[in-house]
Amino acid sequence: MGLIDSLKKAFSKPYKTISVAQAKELLGSGATLIDVRSAQEWRTGRAPQAKHVPLDRLQTSTAGIQKTRPVIAVCASGVRSASAARLLAAKGYDAYSVRGSMAARRQAGEPVR
């Protein structure tokens, strides 16, 4: 492996950032959606199929999240979901972060309950 390849690997993201539409497609194929916001944020509205796993809890345990399925993380704007996806990818998950997260989901007209 050359220097350029080594640098690309060192600075590449271990997870993928996807759009709301791409997330919807993955969910239709059996992916798991996790919402990493706080309990207070979760109560203000969430994606109907989301599982609530606050980021601080995710940092200590991934119990209940299957490694056999892709995992998509959402938060309020995309910052915490990127952290969650990075953490999950480091633990061997096929991890994704939704660009814009819940704000983008609402803007796209996706259901929120």
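This is a predicted model, so every value here is computed, not measured. (Residues numbered from 1 in each chain as written. Predicted model: local features only at pLDDT ≥ 70, side-chain atom pairs only at ≥ 80, totals over all residues. Heavy atoms only, no water.)

Student: Please explain the pattern of salt bridges as it appears in this structure.
Tutor: Summed over all chains, the structure comprises 4 salt bridges. Notably, a salt bridge pairs Glu110 with Lys24, separated by 3.4 Å at the nearest N-O pair. Residue Glu110 is located in the segment after helix H6 (101-107), and its partner Lys24 is located in helix H2 (residues 20-28); the two are separated by 86 residues in the primary sequence. When its relative accessible area of 18% is taken as the criterion, Glu110 is described as buried. The residue Arg37 makes a salt bridge to Asp35 at a minimum N-O spacing of 2.8 Å. Take Arg37 and Asp35: they sit in the same class, and that class is buried. (Salt bridge = Lys/Arg side-chain N within 4 Å of Asp/Glu carboxyl O. Helix = DSSP H or I, 4+ residues; strand = E, 2+ residues; numbered from the N terminus. Buried < 20%, exposed > 50% of the residue type's maximum accessible area, 1.4 Å probe, protein only.)

Student: Just to check I follow, could you spell out the pairing of strand E5 (residues 95-98) for this structure?
Tutor: Each regular strand displays side chains that alternate between the two surfaces of the sheet. Across the two faces of E5 the burial is the same, with Ala95 and Ser97 and Tyr96 and Val98 all buried. Bridge count between strand E1 (residues 16-18) and E5: 3 bridges; the pairing is parallel. By the bridge assignment, Thr17 is partnered in E5 with Ser97. Two elements, strand E4 (residues 71-74) and E5, share 3 bridges in a ladder whose sense is parallel. By the bridge assignment for E5, Ala73 is matched with Ser97. (Pairing = 2+ DSSP bridges.)

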